[in-house]
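Chains, contacts and geometry: an overview
Take a look at the letters that make up each chain.
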Amino acid sequence: MKLRLSALSLLLIAALLVGCGTNAVAPRYTSENPDIMRIGNDRPADPERTVEDLGSYCVEVTESWNSHGRTPDGQTLWAKNTSRAVVPCD
């Protein structure tokens, strides 16, 4: 009887481990905002620099796309970097 209980316990533990292993979360390579992340082998074009007038001063906004690795199927992950600098208003 003791041997059957041990075998049954091992069988239940093995079934639990196999069941939990199949529910692994699949990676999702999408973004709700494609203005900050894109997927594809072609590098997106960098937007032009813009100057925002904030009243008493202006801010120059520079954006660029940089590679941040690859997806499992070999596509490039692109993320947008944004920098701001205070500039004189024209």
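What counts, and at which threshold
- Chains are numbered independently. Their residues run from 1 in the order of the written sequence.
- Whole-chain, interface and lining totals are the exception, using all residues; otherwise, since this is a predicted model, local features are given only for residues with pLDDT of at least 70 and side-chain atom pairs are given and counted only at 80 or more.
- Note that the side-chain values use all heavy atoms of the structure and ignore hydrogens as well as water.
- Counting from the N terminus, the helices are DSSP H or I runs at least four residues long and the strands are E runs at least two residues long.
- Each residue's exposure class comes from its accessible area (1.4 Å probe, protein chains only) as a fraction of the maximum for that residue type: buried when under 20%, exposed when over 50%, partly exposed otherwise.
- The contact definition used throughout considers only heavy atoms, calling two residues in contact when any of these lie within 4.5 Å.
- Per-residue accessibility takes into account occlusion by the displayed protein chains alone, with areas from the Shrake-Rupley method and a 1.4 Å probe.
- Pairing between strands is defined by DSSP: at least two bridges between them are needed.
- Note on geometry: axes are C-alpha line fits, over the in-contact stretch for helices, and angles between N-to-C directions span 0 to 180 degrees.
- On a range of 0 to 100, pLDDT expresses the predictor's confidence in each residue.
- For this analysis, a polar contact is any N or O atom pair within 3.5 Å, provided that within protein one partner can donate a hydrogen and the other can accept it, and provided that sequence-adjacent residues contribute only side-chain to side-chain pairs.

1. Digging into the overall build of the protein
- From N to C terminus, the protein includes one helix and four strands.
- Listed by position from the N terminus, the elements making up the protein come as α-β-β-β-β.
- For the protein, buried positions account for 12% of its 90 residues.
- A fraction of 45% describes how many contacts in the protein between residues 6 or more apart in sequence connect residues 24 or more apart.
- As presented, the protein carries roughly 7,400 Å² of accessible surface, and 58% of it is formed by carbon and sulfur atoms.

2. What about the pairing of strand β4 (residues 76-87)?
- In this structure, strand β1 (residues 37-39) lies alongside β4, joined through three bridges in antiparallel fashion. Residue pairing across strands places R38 opposite W78, the latter belonging to β4.
- Joining the antiparallel neighbours strand β3 (residues 58-70) and β4 is a turn of five residues, in which G74 adopts a positive phi near 90 degrees.

3. A look at the sheet that holds β1
- Pairing is antiparallel in the open sheet, where four strands are placed in the order β1-β4-β3-β2. A strand with exactly one partner marks an edge of an open sheet, and here the two such strands are β1 and β2 (50-53). Direction aside, neighbouring strands of the sheet carry axes that sit 30 degrees apart on average.
- Looking at chain direction, β2 and β3 are connected through four bridges and run antiparallel. Bridge pairing in β3 links V51 to E60.

4. Regarding the confidence of the model for the protein
- The predicted model of the protein averages 80 in pLDDT, with 73% of residues at 70 or higher.
- Confidence scores differ between elements of the protein, with helix α1 (residues 2-21) showing the lowest mean pLDDT of 64 and β2 the highest of 93.

5. So, the side chain of T71
- Mapped onto the fold, T71 is located in the loop between β3 and β4.
- Here the side chain of T71 touches D73 through a polar contact of 2.3 Å, side chain to side chain.

6. Side note on the pairing of β3
- Taking the residues that link successive antiparallel strands as the turn, the β2-β3 hairpin has four residues, and the phi of G55 there is positive, at about 95 degrees.
- Relative to β4, β3 is paired through 11 bridges, and the arrangement is antiparallel. Bridge pairing in β4 links C58 to V87.

7. Some words on the environment of E60
- Looking at the secondary structure, you find E60 in strand β3.
- Judged by its relative accessible area of 24%, E60 is partly exposed.
- Separated by 29 residues in the primary sequence, E60 and C89 have C-alpha atoms spaced 9.7 Å apart.
- Those residues in contact with E60, other than ones at most four positions away along the chain, are R49, T50, V51, S83, R84, A85 and V87.

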